[in-house]
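Each chain, written out:
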Amino acid sequence: MNISKPQPRILWVQVWVLAGVQGAITLTWLVYNLYLPQLLTQFGFPASLAIGLLVLENALSVVLEPLMGGLSDQAIRWVGSRFPFISAGVILASTLFIVIPCIVTFIPPTEVIRGILPLTLVAWALAMTIFRSPAISLLGRYAIPKELPKAASFLTLAGGIIGAFRGIANTFILSLSPIFAFSIASFVLLAAAFTLRFFHPPEIPENPDKLAIPKISITKLSLILGTGFSVAWGSRLLMDTISKTLKTQLQTNDISVIMLGIGLIIAFAALPAGFFAVKIGNRQAILIGICATILSIIFMLNLGAHFLIILLTAAGFSLIINGAIPFILELMPQRWVGLGIGMYFGGFSLAMSLFVFVFPPTITSVVAGISSILAFLLASVCIIISGKYSNLKLS
């Protein structure tokens, strides 16, 4: 007598490997942002060009992130898998990432060929958009809808741990040769993607003649875009509020170790945040996180960045960032989850491309804090409105 085993609620091995991919993506961007001004000056460009390139890359990502996510959704109908996009994107991005320092090291920066460096930099950033949305959307295959926040917490943890070392690791990473640092990050990304492909469960190609394609809801996509935009601004301004408040409170500009600790607290807070969201519902957890984060900002601006206030910030903020991907996976039809994830990253990129034009580096902690509160309030509006569409089945 054959008794089939029950389907696991979470495919933990696949989730952990996907978390490794998220960590590898964060690592490559960390290395890139640290070395970008140095590489440009070595090749005869002003360091200020780095800001312009980042703005351009983010602006292009606004279109390419949802485009690649949507095409990966189509790829499931064509070839039964998103991995053609993931594999091609990872290989192209890893290759270009190694080429970048090689150009600076081995090619003389003459006027004729000097433009090859910024073109390669932009090409690498665009290559990263090919696979990020398709890869992250796989989380919907690795956990049942109710358990998505718990599974997503490990992706948040992996990216958060590496991102937390951004301030303190500058000296160490820049002490390495650019070729070595870029190569290590490239090989880590390749290894993570290869491992993900190895452990990915087999997929059965869909029959396009028998399956109706759900309509794309412009309303849902708009809400996702708004959520990505507002969470991006809220997150960036929140960290500015914390850092500027600490510098004033401690009367020092050297707070890298403290920011490392805060970053790690936020990263590890994702684990209990995931369990909490599973218990009460992800949308409710995000709204609670927004309320807690806004409350912590108000306390911080009036009382300072004390330990208990930082803990409240970490608890609330982790509910927001950890719930974003599950929120999209629950909101979009399974047929278009790649497009939904891409739209969220597109909104995030749009916010980052506009940030330098709206908020000057000299922004005060009070202005940053109030702006962060307004951004998170906008996110809460998007989350609340989305509740009307979460169970709507479009055919």
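Presented here is an overview of the structure given in this document. (Residues numbered from 1 in each chain as written. Predicted model: local features only at pLDDT ≥ 70, side-chain atom pairs only at ≥ 80, totals over all residues. Heavy atoms only, no water.)

Topic: the nonpolar core
If you look at the biggest cluster of nonpolar residues, it comprises 97 residues, and the most contacted ones within it are Ile100, Trp124 and Leu139. Here this core takes 15 residues from helix H1 (residues 12–42), the largest share from any one element. Sequence-distant contacts of Trp124, defined by excluding residues within four places in its chain, comprise Thr28, Trp29, Tyr32, Ala93, Leu96, Phe97 and Ile100. In terms of nonpolar packing, the next biggest core, distinct from the first, is built from 11 residues, Phe229, Ala351, Met352 and Phe355 among them. (Core = buried A, V, L, I, M, F, W, Y, C linked by side-chain atoms within 4.5 Å. Buried < 20%, exposed > 50% of the residue type's maximum accessible area, 1.4 Å probe, protein only. Helix = DSSP H or I, 4+ residues; strand = E, 2+ residues; numbered from the N terminus. Contact = heavy atoms within 4.5 Å.)

Details of unusual backbone geometry
One non-glycine residue, Gln251, adopts positive backbone phi at about 55 degrees. Here Gln251 shows up in the loop between helix H9 (218–250) and helix H10 (256–280). In this structure Gln251 comes out as exposed when scored by relative accessible area, which is 72%.

Side note on a nonpolar patch on the surface
Side chains of Trp12, Val13, Trp16, Phe194, Phe198 and Phe199 sit close together on the surface and give an oily, nonpolar patch of about 670 Å² of accessible area. Among the secondary structure elements, those contributing two or more residues to the nonpolar patch are H1 and helix H8 (178–199). For Trp12, the location among the structural elements is in helix H1. (Patch = residues over 30% accessible without salt bridge, like charges linked within 9 Å, V, L, I, M, F, W, Y side chains within 5 Å. Areas by Shrake-Rupley, 256 points an atom, 1.4 Å probe, with all protein chains shown as cover. Salt bridge = Lys/Arg side-chain N within 4 Å of Asp/Glu carboxyl O.)

A few points about the packing of aromatic side chains
By the definition in use, this model includes 16 aromatic pairs. Judged by centre distance (4.6 Å) and plane angle (35 degrees), the rings of Tyr32 and Trp124 are tilted. Of this pair, Tyr32 sits in helix H1 while Trp124 sits in helix H4 (residues 116–136), and the two are 92 residues apart along the sequence. With respect to class, Tyr32 is no different from Trp124; both count as buried. Here the aromatic cluster, defined as three or more aromatic residues joined through ring pairs, consists of Trp29, Tyr32, Tyr35, Phe97, Trp124 and Phe182. The ring centre of Phe45 lies 4.5 Å from the NZ or CZ of Arg114, which sits over that ring. A cation over a ring is seen here: Arg335 above Trp336, with NZ or CZ 4.6 Å from the ring centre. (Phe/Tyr/Trp six-rings, centres within 6.5 Å; stacked < 30°, edge-to-face > 60°. Lys NZ or Arg CZ within 6 Å of the ring centre and 35° of its normal.)

Focus on the packing of helix H12 (residues 307–331) against helix H13 (residues 337–358)
With their axes 9 Å apart at the nearest point, H12 and H13 run at an angle of 140 degrees to one another. Our classification of the angle between H12 and H13 gives oblique. The chirality of how H12 crosses H13 is right-handed. Residues Ala324, Ile325, Ile328 and Leu329 of H12 touch H13, and the partners they reach there are Val337, Gly340, Ile341, Tyr344 and Phe345. Its residues assigned to classes, the contact of H12 with H13 comprises 8 nonpolar, 1 polar and no charged. (Axes fitted to C-alpha atoms, helices over the stretch in contact; angles between N-to-C directions. Parallel < 35°, antiparallel > 145°, perpendicular 65-115°, else oblique. Left-handed = near helix turned anticlockwise from the far one by under 90°. Nonpolar A, V, L, I, M, F, W, Y, C, P; charged D, E, K, R; others polar.)

Looking at the packing of H9 against H12
In contact at an axis separation of 11 Å, H9 and H12 are set at 160 degrees when each is read in the N-to-C sense. With respect to H12, the element H9 is oriented roughly antiparallel. With respect to the hand of their crossing, H9 and H12 are arranged in left-handed fashion. Along the contact surface, H9 presents Lys220, Ile224, Thr227, Val231, Ser235, Leu238 and Ile242, while H12 presents Ile310, Thr313, Phe317, Ile320, Ile321, Phe327, Ile328 and Leu331. Considering only residue class, the contact of H9 with H12 consists of 11 nonpolar, 3 polar and 1 charged.

Observations regarding H8
Helix length check: H8, at 22 residues, gives a terminal C-alpha distance of 32 Å against a target of 32 Å (1.5 Å per residue), a fit within 8%. When H8 is considered as a whole, its buried residues turn out to be Pro178, Ala181, Phe182, Ser183, Ala185, Ser186, Leu189, Ala192, Ala193 and Leu196. Residues of H8 that are buried make contact with H1, helix H3 (83–106), H4 and helix H5 (139–142). (Expected span 1.5 Å × (residues − 1).)

So, the environment of Ala191
Mapped onto the secondary structure, Ala191 falls in helix H8. Spatially, the C-alpha atom of Ala191 lies 16 Å from that of Ala181, the residues being 10 residues apart in sequence.

A few points about the pattern of salt bridges
Tallied over the full model, the rule gives 5 salt bridges. Glu65 serves as the salt-bridge partner of Arg132, at 2.9 Å between the closest nitrogen and oxygen. Pair noted here: Arg132 is in helix H4 and Glu65 is in helix H2 (residues 49–79), with a separation of 67 residues, a long-range link. Look at Glu65 and you get buried, because its relative accessible area is 2%. A salt bridge links Asp73 to Arg82; the shortest N-O distance between them is 2.6 Å.

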